[in-house]
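# Geometric and topological summary
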Amino acid sequence: QVQLVESGGGLVQPGGSLRLSCAASGNIFGITAMGWYRQAPGRQREWVATITNDGSANYADSVKGRFTISASRDGARKTMSLQMNSLNSDDTAVYYCNAAQIHGPNSWGQGTQVTISS
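Before going into details, it helps to say that this report is about the structure given with it. (Residues numbered from 1 in each chain as written. Predicted model: local features only at pLDDT ≥ 70, side-chain atom pairs only at ≥ 80, totals over all residues. Heavy atoms only, no water.)

### Quick word on the sheet that holds strand E1 (residues 2-7)
- Within the open sheet, the four strands sit side by side as E1-E3-E8-E7. Their pairing is antiparallel. The two strands at the open ends of the sheet, each matched to only one other strand, are E1 and strand E7 (67-74). For this sheet the average axis-to-axis angle between neighbouring strands, irrespective of direction, equals 15 degrees. (Pairing = 2+ DSSP bridges. Helix = DSSP H or I, 4+ residues; strand = E, 2+ residues; numbered from the N terminus. Axes fitted to C-alpha atoms, helices over the stretch in contact; angles between N-to-C directions.)

### With respect to the pattern of salt bridges
- Following the criterion strictly, the structure yields four salt bridges and no others.
- A salt bridge links Asp91 to Arg66, with the shortest nitrogen-to-oxygen separation between them at 2.8 Å. Linking Asp91 in the loop between strand E8 (77-84) and strand E9 (93-101) with Arg66 in the loop between strand E6 (57-59) and E7, this pair joins segments that are 25 residues apart in sequence.
- Classification of Arg66 as buried rests on a relative accessible area of 15%.
- Counted as one network, the salt bridges with shared partners bring together Arg38, Glu46, Arg66 and Asp91. (Salt bridge = Lys/Arg side-chain N within 4 Å of Asp/Glu carboxyl O. Buried < 20%, exposed > 50% of the residue type's maximum accessible area, 1.4 Å probe, protein only.)

### Side note on the side chain of Asn98
- Note on placement: Asn98 falls in strand E9.
- In this structure Asn98 touches Leu4, Ala33, Met34, Gly35, Tyr37, Asn106, Ser107 and Trp108, once residues within four positions along its chain are discounted. (Contact = heavy atoms within 4.5 Å.)

### Brief notes about the state of the cysteines
- Under the counting rule described, the total for this entry stands at one disulfide.
- Covalent S-S linkage joins Cys22 and Cys97, the inter-sulfur distance amounting to 1.9 Å. On the S-S bond that ties Cys22 to Cys97, the torsion sits near -75 degrees, and the link is left-handed. A residue pair is termed long-range when its members are at least 10 positions apart, and Cys22 in strand E3 (residues 18-26) and Cys97 in strand E9 qualify at 75 residues. (Disulfide = S-S within 2.5 Å.)

### Observations concerning the packing of aromatic side chains
- Following the criterion strictly, the structure yields one aromatic pair and no others.
- Lying across the ring of Trp108, Arg45 places its NZ or CZ 4.7 Å from the centre. (Phe/Tyr/Trp six-rings, centres within 6.5 Å; stacked < 30°, edge-to-face > 60°. Lys NZ or Arg CZ within 6 Å of the ring centre and 35° of its normal.)

### Topic: unusual backbone geometry
- For Ser86, which is not glycine, the phi dihedral falls at a positive 50 degrees.
- Here Ser86 lies in the loop between E8 and E9.

### Here's the deal with the side chain of Glu6
- Looking at the secondary structure, you find Glu6 in strand E1.
- For the buried residue Glu6, which engages in no salt bridge, the nearest side chain bearing the opposite charge is Arg45, 7.6 Å off.
- Of the polar contacts made by the side chain of Glu6, one reaches the backbone nitrogen of Cys97; its length is 2.7 Å.
- At 2.9 Å, the side chain of Glu6 forms a polar contact with the backbone nitrogen of Gln110.
- Those residues in contact with Glu6 that lie beyond four places of it in its chain are Ser21, Cys22, Trp36, Tyr95, Tyr96, Cys97, Gly109, Gln110, Gly111 and Thr112. (Lys, Arg positive; Asp, Glu negative; His and termini not counted. Polar contact = N/O pair within 3.5 Å; in protein donor to acceptor, adjacent residues only side chain to side chain.)

Listed below in structure tokens is the structure:
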């Protein structure tokens, strides 16, 4: 199993930037891809971005050109980041880290709150 811990959320003004991180531990060698999802109040959880083990990245249309996903591995620890620029109120949500694995269900982090407000 893989354990995921997000960090980096907070309050930022419209037009600002924020960087989220997700630290993966446990059976990281079974991870095939990692991604970010978000859930705004009263809305369903939606996909934001994914990065595969070969570095291929994909983005939801709503964040394309503003967000950048990246990942790296150092020994038994894997880290994924999401650089978010030009933030607006529609980006306000709880952001969740997700890891797809060869065996077993996807793993989820506990979420980190991102609030865009002046």
